Amino acid sequence: QVQLVESGGGLVQAGGSLRLSCVASGRALRNSAVGWFRQGPGKEREFVAAIRRDYNVVSANSVKGRFTISRDNTKNTVFLQMNSLKPEDTAVYFCAAGERIILSSLTIWEQYDYWGQGTQVTVSS
């Protein structure tokens, strides 16, 4: 079993930055793909970015050039650096982990086995 805990959310003005962290316990993350998803009010869960064990990265078009996903296996942590935030980025952000997810399936939330509880990000205009 893997337990995931997100942190780093908060309230920020448009144009600001936040750095989200996803810390794993129970098992090393180095063999897992880790993704970030978000769910805004009244919206469906949406893929944001993911990073595989080989460090291949996939990002949603809506966040390319603004969000960067990275991982530090020594800390069992995956980060999501979010810059130039917009009000439409407001959502609960979840991290998820799974093994043996092929590159083309990283955007599919059903491919992930473990989920954190989420952290709220609110961007004011």
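Residues numbered from 1 in each chain as written. Predicted model: local features only at pLDDT ≥ 70, side-chain atom pairs only at ≥ 80, totals over all residues. Heavy atoms only, no water.

Colleague: What should I look at first to understand the state of the cysteines in this one?
Modeller: Summed over all chains, the structure comprises one disulfide. At a sulfur-sulfur separation of 2.1 Å, the disulfide partner of Cys22 is Cys95. Looking along the S-S bond of the Cys22-Cys95 disulfide, the torsion reads about 65°, which is the right-handed sense. With a gap of 73 residues between them, Cys22 in strand 3 (residues 18–25) and Cys95 in strand 9 (residues 91–98) connect regions that are remote in the sequence. Comparing Cys22 with Cys95 shows no difference in burial state: the two are buried. (Disulfide = S-S within 2.5 Å. Helix = DSSP H or I, 4+ residues; strand = E, 2+ residues; numbered from the N terminus. Buried < 20%, exposed > 50% of the residue type's maximum accessible area, 1.4 Å probe, protein only.)

Colleague: For this particular structure, what's the right way to read the pairing of strand 7 (residues 67–72)?
Modeller: The side chains of a regular strand alternate between the sheet's two faces. Side chains Phe67, Ile69 and Arg71 of strand 7 all project onto a buried face; the interleaved residues Thr68, Ser70 and Asp72 project onto a face where none is buried. In the sheet, strand 7 pairs with strand 8 (residues 77–82) via six bridges, with the strands oriented antiparallel. Counted as the bridge partner of Thr68 is Gln81 from strand 8. Remark: four residues form the turn of the hairpin made by strand 7 and strand 8, two consecutive strands paired antiparallel; Asn76 in that turn has positive phi of roughly 55°. (Pairing = 2+ DSSP bridges.)

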